[in-house]
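The residues making up each chain are set out below.
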Amino acid sequence: LAVFMFFGCVTSFYFYLGRMLRHLDVSQAVPGRVRAALDTLAEGLLVIDRKQNIVLANQAFADLLGRAPEQLVGTHARALGWIGADGAAMKEGDFPWVHALRDGELQRDASLRLVDAASRTHSFKANCSPVAGAGNKPGGVLISLNDVTQLEENEIELRLAKEEAETANKS
């Protein structure tokens, strides 16, 4: 009877703990002072889980989308409307965080584009760093997004000015 009660309690506890962990609010897992430090960063920052759902978004990224960081939690990362460097919508396998999750390797300087709340397209260089999970498999990915829109615009203006100067020089 004692052995039966022991295994019955262990089994009940196992299922209870699993159910409680599924209902755990991951947005409360980050201490307030850490969240405040992440919100001071000028670059966008996302943390996604193994299923590619956003677990954390900093204020800079949320402001870009015109939403509160808490509203982004639980959203699938691809649902944000990412555009590839060629201007077409990205396919599932094209996202750098998919490669980081699959391979467990850092992805550097991946080019992405995203339309902001004001309908302006922003260009990003994304770095995706796998976050260790159970069994040495990535449990998620830390994504840093460096907005390079202004640099690209400056490059275009510089190229046009150079072409105009060369044309004027030939004249």
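The structure under discussion appears in the preceding block.
(A) Structural detail: a nonpolar patch on the surface. The grouping of Val3, Phe6, Phe7 and Val10 at the surface amounts to a nonpolar patch, some 410 Å² of accessible area in total. Of note, Phe6 is situated in helix α1 (residues 2-22).

(B) Geometry of the pattern of salt bridges. Under the defined criterion, the tally for this structure stands at one salt bridge. In this structure, Asp103 engages Arg102 in a salt bridge whose closest nitrogen and oxygen atoms are separated by 3.1 Å. Looking at Asp103, the relative accessible area reads 40%, which means it is partly exposed. Overall, Arg102 belongs to the exposed group, its relative accessible area being 53%.

(C) Representation of the environment of Gln107 in the model. Within the secondary structure, Gln107 sits in strand β4 (residues 107-115). On a C-alpha basis, the gap between Gln107 and Trp97 in space is 7.5 Å, while along the polypeptide they are 10 residues apart.

(D) Inspection of the environment of Val73 at higher detail. Here Val73 shows up in the loop between α4 (69-72) and β3 (82-83). Expressed as a C-alpha distance, the spacing of Val73 and Ile54, which sit 19 residues apart in the sequence, is 5.0 Å.

(E) Local environment of the environment of Asn53. Assignment of secondary structure puts Asn53 in the loop between β1 (44-49) and β2 (54-57). The spacing of Asn53 and Gly140 is 87 residues in sequence and 9.1 Å in space, taken between C-alpha atoms. Sequence-distant contacts of Asn53, defined by excluding residues within four places in its chain, comprise Val47, Ile48, Gly74, Thr75 and His76.

(F) Structural view of helix α5 (residues 96-103). Looking only at α5, the buried set comprises Pro96, Trp97, Val98, Ala100 and Leu101. Structurally, α5 contributes buried residues whose contacts are with β1, β3, β4, β5 (121-132) and β6 (138-147). Remark: Gly104 follows α5 within two positions and exhibits a positive phi of approximately 70 degrees.

(G) Structural view of the nonpolar core. Of all hydrophobic cores here, the largest spans 27 residues; its most connected members are Phe61, Trp82, Trp97 and Leu145. Of all the secondary structure elements, the ones that give two or more residues to this core are β1, β2, α3 (59-65), α5, β4, β5 and β6.

(H) Looking closely at the pairing of β4. Pairing of β3 with β4 involves two bridges; the strand directions are antiparallel. Considered in β4, the bridge of Trp82 is made with Leu114. A loop of five residues connects β4 with β5, the two strands running antiparallel in sequence, and Ser119 in this loop sits at a positive phi of about 65 degrees.

(I) The packing of aromatic side chains, seen in detail. Per the stated rule, a full pass over the model turns up five aromatic pairs. A ring pair is formed by Phe6 and Phe7, whose centres lie 5.4 Å apart and whose planes are at 70 degrees; its orientation type is edge-to-face. Each of the two residues, Phe6 as well as Phe7, counts as exposed. Among the aromatic residues, those joined into a cluster by ring pairs are Phe61, Trp82, Phe95, Trp97 and Phe124.

(J) Highlighting the sheet that holds β3. The six strands are arranged β2-β1-β6-β5-β4-β3 in an open sheet whose pairing can be described as antiparallel. Because the sheet does not close on itself, it has two edges, and the strands there are β2 and β3. The pairing of β1 with β6 spans six bridges and is classified as antiparallel. Bridge assignment links Val47 to a residue of β6, and that residue is Leu142. Against the sheet, α5 engages β1, β3, β4, β5 and β6, with an angle of about 150 degrees to β6. Helix-sheet contacts for helix α6 (residues 149-170) involve β4, β5 and β6, and the interaxial angle to β5 is about 135 degrees.

Criteria and thresholds
- Residues numbered from 1 in each chain as written.
- Predicted model: local features only at pLDDT ≥ 70, side-chain atom pairs only at ≥ 80, totals over all residues.
- Heavy atoms only, no water.
- Patch = residues over 30% accessible without salt bridge, like charges linked within 9 Å, V, L, I, M, F, W, Y side chains within 5 Å.
- Areas by Shrake-Rupley, 256 points an atom, 1.4 Å probe, with all protein chains shown as cover.
- Salt bridge = Lys/Arg side-chain N within 4 Å of Asp/Glu carboxyl O.
- Helix = DSSP H or I, 4+ residues; strand = E, 2+ residues; numbered from the N terminus.
- Buried < 20%, exposed > 50% of the residue type's maximum accessible area, 1.4 Å probe, protein only.
- Contact = heavy atoms within 4.5 Å.
- Core = buried A, V, L, I, M, F, W, Y, C linked by side-chain atoms within 4.5 Å.
- Pairing = 2+ DSSP bridges.
- Phe/Tyr/Trp six-rings, centres within 6.5 Å; stacked < 30°, edge-to-face > 60°.
- Axes fitted to C-alpha atoms, helices over the stretch in contact; angles between N-to-C directions.

All quantities given are derived from atomic positions and should not be read as evidence of function.
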